[in-house]
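Spelled out, the chains give:
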Amino acid sequence: MSDVYILGTDMIKFGRFPDRTVPDLGAQAALMALDDAGLSINDMEALYCGNLMQSNAMVGQRILREIGQTGVPVVNCANACATGATAFREGWAAIKAGLYDLVLVVGVEQMGKAGLLGGGGGSTGIPTEGLLGSSTMPAVFAEAGQEHARKYGTTFEQFAKVSVKNHHHSTKNPKAMYQIETPLDKVMGAEMISYPNTKLMCSVNVDGSAAAVIASEKKARELGLGRAVKVSASVLTSDRFTERDLTMPDVNTCTREAAAKAYEMAGIGPEDVNLVELHDCFATAEILHYENLGLCKDGEAGRLIDDGEVAHGGRVPVNVSGGLLSKGHPLGATGVANIYEVTTHLRGEAGERQVVGAKVGLTHVIGLGSACAIHVLERVSD
Amino acid sequence: MAEEKAASPLPVVPFLKIPDDGDPYLEGHKCKKCSAIFLGERAVCSSCGAREGIEPIRLANKGELYVYSIVHRSFPGVEVPYVSAVVDLDGGGTVKGNLIGIDPVPEKIEFGMPVETVFKIAPRKDRDGNEYLTYYFQPRSA
Ligand SMILES: [Zn+2]
């Protein structure tokens, strides 16, 4: 089966764009990625589009109405917060299968007035929120973090440090929603949403889009591998039955299984990874994924954040883009934006926030419910 | 005044059972093949795929606090703060609910603390004015 390469990728600066439309935002990123690849919509043999909140409304086709109705197959994907990564993976799989040589992937989301809490109550009887515990996202991920606290004594301060780090990282990322230093006292002193997650430990709802042009090895070589980045692994898992999963979503098992498969597929180990963009939907979640992705041993995640090993300049920088906490989290765009970020570092084009000498990077997203997608990307040129 | 028979409360969730004679309890469904316990009836076990032998069991009224969050912001109209608790019941079954009878501050709440299930009329009614019986968790002495 053909290897798959990223030839072009870009994202718009994340923000709030109430006056624009979903197809318009998606079209913008699509054109940017095509320009980055030096290709046109007429070269694309298929479009894989990730969007969650209008998943019944043919977003991919509406994007093509803005940039070129070439009649190619369009697949619209929805997979919670793994939507964008799933669209990317579907494109990857189609190239692997030999169906196409050039595919466009777009992830786009307009969050509108979607609240911070997410979720929603049932439709019959009485609402159970606040009666049978909480199903809000901040509480669900707080409880997931508390499981780590229970096992290893992880503290509120350690969880908060994740947010300090990611906000600091995004001061160097002009495409992030925020470029504001957010010190520890400010993070810990912010409005408590669901202990131990304060408001500044919750991802930012923003509108955004990101896109990528991916190619078969044959086509990539034909066009020149110059700035190409190899997709060394693409893995998608769902939530296997675990003891408490139906009461308390288990984001660990599906991530661990995806990571093991991804490392095997890429023929590397976690020690070979130079940077990671992982799913910090809440500060508590990031701590769990250090261990889930094998960046450290079980129980060492607190130390990892304390020692700065996951900060820019550390052993394995995590979320140098600012992550979902500060770059922002436009659900369907997030997975593709992660791929943009890692690709940009592997190309050595990340400017002030460049992870120097990065050769291998990993992206990770979790869609609660659950879906986990991991991609391993590798620099081609020396 | 005309005699009015008070309607009996409805269960807040289908797995809360209210027997005509006897105390309310939470019901699990246990797979005979793999012992997985579910809340609510089901035809197929999502742990092992068994299509038969999933039988109702009465879940214990005692357990321990597995993890919790203290919720300070919730949906409009929901009184905060409150403790959202995930409880492992003795003999199996994990249930989420509000933990009451304790200050909603981390200093007072301990992982693994013994809790018990209590049943009360919910402070909310549905659109038709029906009352609901709900469950809570509260600390108990070990
Ligand atoms: Zn079973």
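Student: Would you take a moment to explain the overall build of chain A for this structure?
Tutor: Across its full length, chain A carries 12 helices and 11 strands. Taken over the C-alpha trace, chain A has a radius of gyration of 19 Å; the compact-globule value for 382 residues is 21 Å, and the two agree within 12%. Taken over the C-alpha atoms alone, chain A extends approximately 55 × 50 × 40 Å along its principal axes. Buried residues in chain A amount to 62% of all 382 residues. Looking at chain A alone, contacts between residues at least 24 apart form 78% of all its contacts between residues at least 6 apart. Only carbon and sulfur atoms are counted for the fraction: they give 49% of the accessible area of chain A, which is about 13,100 Å². Across chain A, the mean location of the 33 positive side-chain charges is 1 Å away from that of the 44 negative side-chain charges.

Student: Looking at this structure, I do not really get the coordination of the zinc ion. What am I missing?
Tutor: Six octahedrally arranged donors around a metal ideally form angles of 90 or 180 degrees; four tetrahedrally arranged donors ideally form angles of 109.5 degrees. Residues and elements named next belong to chain B. Within the protein, the atoms that donate to the zinc ion are C31 (SG), C34 (SG), C45 (SG) and C48 (SG), at distances of 2.3 Å. Considering all four donor atoms around the zinc ion, angles at the metal cover 105 to 114° and the coordination shape is tetrahedral. Expressed as a motif, the donor residue spacing for the zinc ion is C-x2-C-x10-C-x2-C.

Student: So what exactly am I meant to see when it comes to the nonpolar core here?
Tutor: One recurring pattern in soluble globular proteins: nonpolar side chains tend to sit buried together. Core analysis: the biggest nonpolar cluster contains 82 residues, and Y290(A) and Y135(B) have the highest contact counts within it. Take this core: its biggest share by element is seven residues, from helix α8 (residues 251-266) of chain A. Among all residues touching Y290(A), those that are not within four sequence positions of it are V162(A), K165(A), L278(A), L295(A), C296(A), A301(A), L304(A), I305(A), V310(A) and V318(A). Core analysis: the second largest hydrophobic core is formed by 34 residues, C77(A), V336(A), L346(A) and L377(A) among them.

Student: Help me understand the packing of α8(A) against helix α9 (residues 283-292) of chain A, please; the structure alone is not making it clear to me.
Tutor: For any two helices packed against each other, one specifies the crossing angle of their axes together with the interaxial distance. Residue and element names in this part refer to chain A. α9 packs onto α8 with a crossing angle of 35° between their chain directions and a minimal axis gap of 9 Å. Once α8 is placed against α9, the crossing between them reads as right-handed. Taken together, the residues of α9 that come into contact with α8 (itself represented by V251, N252, T255, R256 and A259) are L288, H289, E291 and N292. Of the residues contributing to the contact of α8 with α9, the split by class is three nonpolar, four polar and two charged.

Student: Can you help me understand the sheet that holds strand β11 (residues 371-379) of chain A in this one?
Tutor: Pairing between the strands of a sheet is mediated by backbone hydrogen bonds and can be parallel or antiparallel. Residues and elements named next belong to chain A. What the nine strands build is an open sheet, ordered β3-β2-β4-β7-β1-β8-β11-β10-β9; its pairing is mixed. Edge strands, defined here as strands with exactly one partner in the open sheet, are β3 (74-77) and β9 (275-277). Going from strand to strand, the sheet's axes swing by 25° on average, the running direction of each strand aside. Pairing of strand β10 (residues 360-367) with β11, which is carried by eight bridges, proceeds in the antiparallel orientation. Residue pairing across strands places I366 opposite C372, the latter belonging to β11. Sheet strands touched by helix α1 (residues 22-37): β1 (4-11), β4 (102-109) and β7 (208-216). Its angle to β7, the strand with the most contacts, is close to 40°.

Student: Quick question: what am I supposed to make of the interface of chain A and chain B here?
Tutor: By a frequent convention, interface size equals the accessible area lost on bringing the separate parts together. In this complex, chain A contributes 36 residues to the contact, which on the side of chain B involves 43 residues. For the pairing of chain A and chain B, the buried interface totals around 3,300 Å² over both sides, and the portion due to carbon and sulfur atoms is 60%. Linking chain A with chain B are four salt bridges, by the criterion used here. The residue R73(B) makes a salt bridge to E191(A) at a minimum N-O spacing of 3.0 Å. Seen at the junction of chain A and chain B, the total is 25 residue pairs in polar contact (both at pLDDT 80 or more). Contributing elements (two or more residues each) for the side of chain A that touches chain B: α4 (137-152) and β5 (192-195) of chain A. Take the side of chain A that touches chain B: its biggest share by element is eight residues, from α4(A). When grouped by side-chain class, the residues that make up the side of chain A that touches chain B number 16 nonpolar, 13 polar and seven charged. Across two bridges, β5(A) lies against strand β6 (residues 62-71) of chain B in antiparallel orientation.

Student: What's the story with the pattern of salt bridges in this structure? I'm lost.
Tutor: Oppositely charged side chains may form a pair once their charged atoms are brought near each other. All names here are of chain A. Overall, the coordinates contain 28 salt bridges over all chains when judged by the stated rule. When the shortest N-O distance is used, the salt bridge between K165 and E286 registers 2.7 Å. On the criterion of sequence distance, the pair formed by K165 in helix α5 (residues 156-170) and E286 in helix α9 is long-range, its members being 121 residues apart. Here E257 and R240 are joined by a salt bridge, their closest N and O atoms 2.5 Å apart.

Student: I tried to follow the side chain of T86(A) on my own but got confused; where do I start?
Tutor: Residue and element names in this part refer to chain A. Within the fold, T86 resides in helix α3 (residues 83-96). T86 sits in the buried class, given a relative accessible area of 8%. Within the structure, the side chain of T86 is placed 3.0 Å from the side chain of N79, a separation counted as a polar contact.

Quick notes on the rules
- Residues numbered from 1 in each chain as written.
- Chains lettered and ligands numbered in written order.
- Predicted model: local features only at pLDDT ≥ 70, side-chain atom pairs only at ≥ 80, totals over all residues.
- Heavy atoms only, no water.
- Helix = DSSP H or I, 4+ residues; strand = E, 2+ residues; numbered from the N terminus.
- Rg over C-alpha atoms; globule rule 2.2 N^0.38 Å.
- Buried < 20%, exposed > 50% of the residue type's maximum accessible area, 1.4 Å probe, protein only.
- Contact = heavy atoms within 4.5 Å.
- Areas by Shrake-Rupley, 256 points an atom, 1.4 Å probe, with all protein chains shown as cover.
- Lys, Arg positive; Asp, Glu negative; His and termini not counted.
- Charge placed at Lys NZ, Arg CZ, Asp CG, Glu CD.
- Donors = N, O, S within 2.8 Å, 3.2 Å for Na, K, Ca; no water.
- Tetrahedral: all angles 85-135°; square planar, octahedral: opposite > 155°, others 65-115°.
- Core = buried A, V, L, I, M, F, W, Y, C linked by side-chain atoms within 4.5 Å.
- Axes fitted to C-alpha atoms, helices over the stretch in contact; angles between N-to-C directions.
- Left-handed = near helix turned anticlockwise from the far one by under 90°.
- Nonpolar A, V, L, I, M, F, W, Y, C, P; charged D, E, K, R; others polar.
- Pairing = 2+ DSSP bridges.
- Buried area = accessible area lost by both parts, 1.4 Å probe.
- Salt bridge = Lys/Arg side-chain N within 4 Å of Asp/Glu carboxyl O.
- Polar contact = N/O pair within 3.5 Å; in protein donor to acceptor, adjacent residues only side chain to side chain.

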